Amino acid sequence: MSTSKKIVTNLRIDANDWLQIKAIAAEQGISFNEYINLIAQEAMSKAFLDKPKKNQIGKNRRNIYETLMSLSKKNYKNKPMGLSEDDQIIYGL
């Protein structure tokens, strides 16, 4: 259960769209509310992680995206970190 504060709001939606969304949610065994929240979470994740369109790129957003992309392309070598002094004493090394 989430401990974040919940906001109750009204959603204005076409009746046919509401019925279709309600049916999709029911097929997944969740409520209309849960389905809408799931879609909102996915949209927020996608908006943050997907490559932004050129006309939507602010300087900070571009920097975040470019940094994440450059980090994902780096070839990291797994090097053992070694034991701490305490671990060397404990394990007798």
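First things first, this report covers the structure right here in the doc. Remember, predicted model here, so these are calculated numbers, not experimental data. Sequence order as written defines the numbering, with residues in each chain counted from 1. Side-chain atom pairs in this predicted model are given and counted only at pLDDT of 80 or more, local residue features only at pLDDT of at least 70, and totals for whole chains, interfaces and linings cover all residues. Hydrogens and water are ignored here; the side-chain numbers use all heavy atoms of the structure.

Topic: the packing of helix α1 (residues 15-27) against helix α2 (residues 32-49)
Thought 1: Between N-to-C directions, angles cover 0 to 180 degrees, with each direction set by a line fitted to C-alpha atoms, over the stretch in contact for helices. The helix count covers DSSP runs of H or I at least four residues long, the strand count covers runs of E at least two residues long, and both are numbered beginning at the N terminus. Where α1 meets α2, the axes come as close as 8 Å, and the angle between the chain directions of the two elements is 90°. What the angle tells us is that α1 and α2 run roughly perpendicular. Side by side, α1 and α2 meet where Trp18, Ile21, Lys22, Ile24 and Ala25 of the first sit next to Phe32, Tyr35 and Ile36 of the second.
Thought 2: Each residue belonging to the contact of α1 with α2 can be placed in one class, and the counts come to seven nonpolar, no polar and one charged. Throughout, the term roughly parallel applies to angles under 35 degrees, roughly antiparallel to angles over 145, roughly perpendicular to angles from 65 to 115, and oblique to all others. Contact between two residues is taken to exist if any of their heavy atoms lie within 4.5 Å; hydrogens are not considered. Classification used: nonpolar for Ala, Val, Leu, Ile, Met, Phe, Trp, Tyr, Cys and Pro, charged for Asp, Glu, Lys and Arg, polar for all others including Gly.

Details of α1
Thought 1: Here, expected helix span is obtained from the residue count minus one, scaled by 1.5 Å. When the terminal C-alpha atoms of α1 are compared, their 18 Å separation across 13 residues agrees well with the 18 Å that a helix rising 1.5 Å per residue should span.
Thought 2: Distance and chemistry together define a polar contact, namely a pair of N or O atoms within 3.5 Å, with one atom able to donate a hydrogen and the other to accept it when in protein, and with adjacent residues in sequence counting only for side-chain atoms on both sides. Two or three places before asparagine 16, at the opening of α1, aspartate 14 has a side-chain oxygen 3.1 Å from that residue's backbone nitrogen.
Thought 3: The first or second residue beyond α1 is glycine 29, which carries a positive phi of 75°.

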